[in-house]
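Descriptive structure summary
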Amino acid sequence: MNRILIVEDEPAISNLIQMNLAAAGYCCVCAFDGAKAADRLELERFDLILLDIMLPEIDGYELMDYIRPLEIPVIFLTAKANTEDKVKGLKAGADDYLTKPFEIAELLARVETVLRRCQKTESRLKAGDLEIDMSARIVKKQGQPVNLTVKEYELLLLLIQNKNIALFRDFIYEKIWGSGYMGDSRTVDLHVQRLRKKIGWEQKIKTVYKVGYRLED
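Structure report, in brief. If you're wondering where the values come from, they're calculated on a predicted model, not measured in any experiment.

If you look at the biggest cluster of nonpolar residues, it comprises 47 residues, and the most contacted ones within it are Leu-21, Leu-50, Val-111, Leu-156, Ile-199, Trp-201 and Ile-205. Within the second largest apolar cluster, 22 residues are counted, among which are Leu-5, Ile-53, Tyr-61 and Met-64.

Ordered by their spatial adjacency, five strands build an open sheet running β2-β1-β3-β4-β5, and the pairing between neighbours is parallel. With one partner strand each, in any of the chains shown, β2 (27-31) and β5 (96-99) form the two edges of the open sheet. The sheet shows a mean angle of 20 degrees between the axes of neighbouring strands, taken without regard to direction. Summarising the sheet, strand β3 (residues 48-51) and strand β4 (residues 74-78) pair through three bridges and their orientation is parallel. When the sheet's bridge partners are listed, Leu-50 is paired in β4 with Ile-75. Against the sheet, helix α4 (residues 83-91) contacts β4 and β5, and its axis sits at roughly 145 degrees relative to β5.

Two elements in contact, helix α1 (residues 11-23) and helix α5 (residues 104-117), have axes whose closest approach is 11 Å; the angle formed by their N-to-C orientations is 60 degrees. One finds that α1 runs oblique with respect to α5. Once α1 is placed against α5, the crossing between them reads as right-handed. Across the interface between the two elements, Leu-16, Ile-17, Asn-20 and Leu-21 of α1 pack against Ile-104, Leu-107, Leu-108 and Val-111 of α5. Classifying every residue of the contact of α1 with α5 gives seven nonpolar, one polar and no charged.

What follows deals with the packing of helix α6 (residues 150-161) against helix α7 (residues 169-177). A packed helix pair is summarised by two numbers, namely the angle formed by the two axes and the spacing between the axes. The geometry of α6 relative to α7 is characterised by a closest axis approach of 10 Å and an angle of 125 degrees between their N-to-C directions. Comparing their axes, α7 and α6 come out oblique. α6 and α7 meet at a crossing whose hand is right-handed. In contact with Lys-151, Glu-154, Leu-155 and Leu-158 of α6, α7 contributes Phe-171, Ile-172, Lys-175, Ile-176 and Trp-177. Taken together, the residues that form the contact of α6 with α7 break down as six nonpolar, no polar and three charged.

Next up on the list: the side chain of Asn-20. As for its placement among the helices and strands, Asn-20 is situated in helix α1. Those residues in contact with Asn-20, other than ones at most four positions away along the chain, are Ile-104, Leu-108 and Ile-165.

Quick look at the pairing of β3 now. Because side chains alternate across β3, one face comprises the buried residues Leu-48 and Leu-50, and the other comprises Ile-49 and Leu-51, equally buried. Here four bridges tie strand β1 (residues 3-7) to β3, and the two strands are oriented parallel to one another. The residue bridging Val-7 from the neighbouring strand is Leu-51, located in β3. Between the parallel pair β3 and β4, the chain is carried across by helix α3 (residues 60-67), and the sense of this crossover is right-handed.

Criteria and cut-off values
Residues numbered from 1 in each chain as written. Predicted model: local features only at pLDDT ≥ 70, side-chain atom pairs only at ≥ 80, totals over all residues. Heavy atoms only, no water. Core = buried A, V, L, I, M, F, W, Y, C linked by side-chain atoms within 4.5 Å. Buried < 20%, exposed > 50% of the residue type's maximum accessible area, 1.4 Å probe, protein only. Pairing = 2+ DSSP bridges. Helix = DSSP H or I, 4+ residues; strand = E, 2+ residues; numbered from the N terminus. Axes fitted to C-alpha atoms, helices over the stretch in contact; angles between N-to-C directions. Contact = heavy atoms within 4.5 Å. Parallel < 35°, antiparallel > 145°, perpendicular 65-115°, else oblique. Left-handed = near helix turned anticlockwise from the far one by under 90°. Nonpolar A, V, L, I, M, F, W, Y, C, P; charged D, E, K, R; others polar. Right-handed = clockwise from strand over helix to strand, strands pointing away.

Next up, the structure:
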């Protein structure tokens, strides 16, 4: 399980991030100022850091000087939205930069992308009665292989990585098919219907009225 350090001084934001990352299968630790984050980094191993810039004690830029030799990927989460701040953050060594307010689905997608880019994602994933070998792209249900198409497999991963989050149809379409949503929901609906049937998750993949779909525990 990937371990993520959340360095954010606003408890409400920190708790929201922790709750959603935990639901997506990550182990999270919170630090509410830069000094406590540095203490955590001395004692524990982390695969990713989500780092606010404007922090008590030690700000995010200063903390980056401490993090850089540890070679832990960093995503800046900050209200500083102008181009100069983004360039400064990336030049300081951050792997990505996300401005507040942000959608949880986008944060989860960026976390996954950075971990994959830095080769810190785990090759096997367990979700309910499914086991997924992501390096071989093999899905098993109770030990038996499930034959999924490429798009069904990608849809399954997207739902698992955004568990308990309602995903809009246009978001699903853009993530899976990689082109702009044209307003026709039939492609998404058909693939969800087939996926439900193949993996027996008719009760777990819920239809959200006028929105899209949500995978529930």
